[in-house]
Amino acid sequence: HSNEAYAPLHHMDQKNFLRLHIDSEGSLTIFPIGIDRVGRRWRFRPDGAAHEPWLSPPDGEDLAHHLIEPPVRLERNQEG
């Protein structure tokens, strides 16, 4: 199993993740997002504003992303 479990760590590109959004009514929308090519050169910026990330791609380098499939919406159960 270790071969299958660690295969995504070996390949630098083609990373996928889920973005979860809970709206004000308590419903959940899941966005399956893919990145075909990750950033290669990152800037370390620990002195930025508190709301800014410490790591960012160089200016002009776009980390293109796309939806792997349509978003999935789960409505809040109003009974509980």
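Reference entry: report on the structure contained in this document.

Parameters and conventions
- Once a new chain begins, its residue numbering starts again from 1 and follows that chain's sequence as written.
- Confidence filtering applies because this is a predicted model: local features only for residues at pLDDT of at least 70, side-chain atom pairs given and counted only at 80 or more, and all residues used for totals across whole chains, interfaces and linings.
- Excluding hydrogens and water, the side-chain figures rest on all heavy atoms present in the structure.
- Secondary structure elements follow DSSP: runs of H or I no shorter than four residues count as helices, runs of E no shorter than two count as strands, and numbering proceeds from the N terminus.
- Burial here depends on accessible area, computed with a 1.4 Å probe over protein chains only, as a share of the maximum for the residue type. Under 20% is buried, over 50% is exposed, and the range in between is partly exposed.
- Each polar contact in these results corresponds to two N or O atoms within 3.5 Å; when the atoms are within protein, one needs to be able to donate a hydrogen and the other to accept it, and residues that are neighboring in sequence are counted only if both atoms are side-chain atoms.
- When checking whether two residues touch, look at their non-hydrogen atoms; a contact exists if any pair is within 4.5 Å.

Regarding the side chain of D13
Move 1: Positionally, D13 belongs in the loop between helix 1 (2-10) and strand 1 (15-22).
Move 2: Of the residues examined, D13 reaches a relative accessible area of 15% and is grouped as buried.
Move 3: Reaching out from D13, the side chain makes a polar contact with the backbone nitrogen of V38 at a distance of 3.0 Å.
Move 4: Polar contacts involving the side chain of D13 include one to the side chain of R40, which spans 2.9 Å.
Move 5: Non-local contacts of D13, meaning those with residues more than four positions away in its chain, are made with I35, D36, R37, V38 and R40.

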